[in-house]
Amino acid sequence: MEPIADETALSEDQARDISPPVETPNTSTSALQFLDFRLLFTGVGLAGFGQQMLAVAIGWELYIQTKSALVLGGVGLAQVIPLILLFLPAGYIADRVNRKYIVLVAQFVNVLAALSLALLSYLHGPLVLIYCCLAAIGGAQSFSQPANSALVSQVIPETAYENAMTWRSSIGQLSAVIGPAVGGFLIGFFQGATPVYLLSSGFFLTFAILLIFIHVQPQKRTLGEGRKLSSLVSGVRFLGQTKVMLAAITLDLFAVLFGGSVALLPIYATGILHVGPVGLGWLQAADSIGGIAMALFLARRPPFKRAGPVLLLGVAGFGLATIVFGLSHWFWLSFLALFFIGAFDNISVVIRSTLALVRTPDEMRGRVSAVNSLFIGTSNQLGGFESGLTAQLLGPVAAVVAGGIGTLLVVLIVAGAFPDIRRLTTLRETPQE
C-alpha cells in the first residue's frame, strides 16, 4: 500500500536545509552539515551523559545504604522490565504519532524522575519509590529509543544515514567514558548523590528544549493499517522477512550475549591483573575509548562497499579480542584487547543501525527500532548474567574464553545460514544514482 504523509509539507527553507547535494553512487554526505541533526546529536549526547551520571549515582547510593548486591541487580531489572513490556506499543506509537513529540515527552518524564530521585536522596526515601523512579525512566526509554532512532531519517537525507549513525555511536561511547567519571567526581566533591540527580535532570531538560527547535520532515503512515493487532507485531514480521537485517541483529545479539567480559572486569582487576581500583577504571573505559576511535575513523571514510564481509570480520575480531583478554595476565595487553573489543563492536553498531534506517520503510521504522532496542537491551543484561554464571561454574578465564569462542561460532553459523549477509555490498539497497 502507498504511504501518505500525516503532517504538513515542508516549507521551502526547510526543504533546502535537508536536500542532499548531488551525489555519486558511492559518496556519503556528512550529517553534521545539517543544523537539525546537530541539534539532535547534541541533545542525544547530553541526555546520554545525564543517564550515565545518574546510573553511577544510583549504584553508589544504593550500595552505600544497603550493602546488597541483590539491590544493585534490581536497578537494571527495574529499567529492563518496562522495555520488555512496552516495546510493541512503543514501536507502534512511534509510527503513528509525531516522533519528535514522543521524544520530547520522554525527556520531561526523565526530568521528573531525576528530580524525584534527588528528593528521595535528600530525604533518604524508601527503596520502593526509588525503583518506581527507575521504572519510569525505563518506560520513557522504551518509547524514546525507537522514536529517537527513527527521527534521524527525518532531519537528514539518506546519503547521510551511515555518517549519522557513526556520529551517534561516537557520542554514546564518549558519554560512557566521561559520564561515570564526572558523576563519581561530583559524588565525592559534594559528599552525596543529590546534586548529580539535579544535574542529570538539567541535561534531560536541555535536550527537551533543543527538540523544540528541530524541524523534521513529515513521517509516513501505511494507509488503511488502522489499529489492528497485527500492526503491533509487523516490526517483528518485517525483520523475519528481511534476512540481511535479521542476520545483522543476530550477530550483534549473540556477540553481546557471549562476549560479556566487561561484567567480569572487577574480578580481573583484583584477582588476575592485580591493578586495583585505578586500573579497573582504565579497563572499564578501554572498550569505550576503542569505540570512539573507530567511530571517528568511520566518520571520515567513504561508505562501506563490502558491508557484509566487514560486519562478519568485525564480529569475528570482537570474539578474538575477547579470547585474548580472557587469557591475558598483563595489564596493557588486557587494555589493548578491550580497546579492540570496543572498536570491533562499533563497526557492528554502525552497520546494524544504518541498515535499520536504509532498509526499513519510514512508516515501520519505529516498530523495527523497538524490536532492535529490545534485542540489544536485553542481551546486555543477559550477557552480564551469563558471564557471571559461567564464571561461577568454570572460573573467570574459562568464562571469557568460552564466550569468545561462542562468538566465533555464531559468526560461522550466521555466515552459513544467511548467504545474503556474505554478499552484502553497500548498505543502501539501491545505490543512489
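For the structure given in this document, a descriptive report is provided here. The structure displayed is predicted, hence computed values, not measured ones. (Residues numbered from 1 in each chain as written. Predicted model: local features only at pLDDT ≥ 70, side-chain atom pairs only at ≥ 80, totals over all residues. Heavy atoms only, no water.)

This next bit is on the overall build of the protein chain. The helix and strand inventory of the protein chain stands at 17 helices and two strands. The buried share of the protein chain, reckoned over its 433 residues, is 54%. The long-range fraction of contacts in the protein chain, counting pairs at least 24 apart against all pairs at least 6 apart in sequence, stands at 87%. In the structure as shown, the protein chain presents an accessible area of about 19,000 Å², 69% of it carried by carbon and sulfur atoms. (Helix = DSSP H or I, 4+ residues; strand = E, 2+ residues; numbered from the N terminus. Buried < 20%, exposed > 50% of the residue type's maximum accessible area, 1.4 Å probe, protein only. Contact = heavy atoms within 4.5 Å. Areas by Shrake-Rupley, 256 points an atom, 1.4 Å probe, with all protein chains shown as cover.)

The next thing to look at is the side chain of E61. Structurally, the position occupied by E61 is in helix α2 (residues 35–66). Its relative accessible area of 10% is what places E61 among the buried residues. Dropping the residues within four chain positions of it, E61 is found in contact with S121, A193 and Y197.

The nonpolar side chains of soluble globular proteins are, as a tendency, buried together. By size, the foremost hydrophobic cluster in this structure holds 58 residues, and its most contacted members are F37, L40, I58 and I156. The set of elements that each furnish at least two residues to this core consists of α2, α3 (69–96), α4 (99–123), α5 (127–151), α6 (161–190), α7 (194–212) and α14 (331–358). Considering every element that reaches this core, the biggest residue donor is α2, with 12 residues. When neighbours within four sequence positions are excluded, L40 is seen to be in contact with N148, L151, V152, V155, R168, F207, L211 and I214. With 57 residues, the next largest nonpolar core counts L264, L283, A321 and V350 among its residues. (Core = buried A, V, L, I, M, F, W, Y, C linked by side-chain atoms within 4.5 Å.)

Right, let's get into the pattern of salt bridges. The final tally for this structure, using the stated rule, is four salt bridges. A salt bridge links R99 to D95; the shortest N-O distance between them is 2.9 Å. We classify D95 as buried; its relative accessible area is 1%. When the shortest N-O distance is used, the salt bridge between R423 and D420 registers 2.9 Å. With R423 and D420 both in helix α17 (residues 419–423) and three residues apart, the pair spans about one turn of that helix. A relative accessible area of 54% places R423 in the exposed class. D420 gets classed as partly exposed once you look at its relative accessible area, which sits at 33%. A network of salt bridges, in which partner residues are shared, links D95, R99 and R367. (Salt bridge = Lys/Arg side-chain N within 4 Å of Asp/Glu carboxyl O.)

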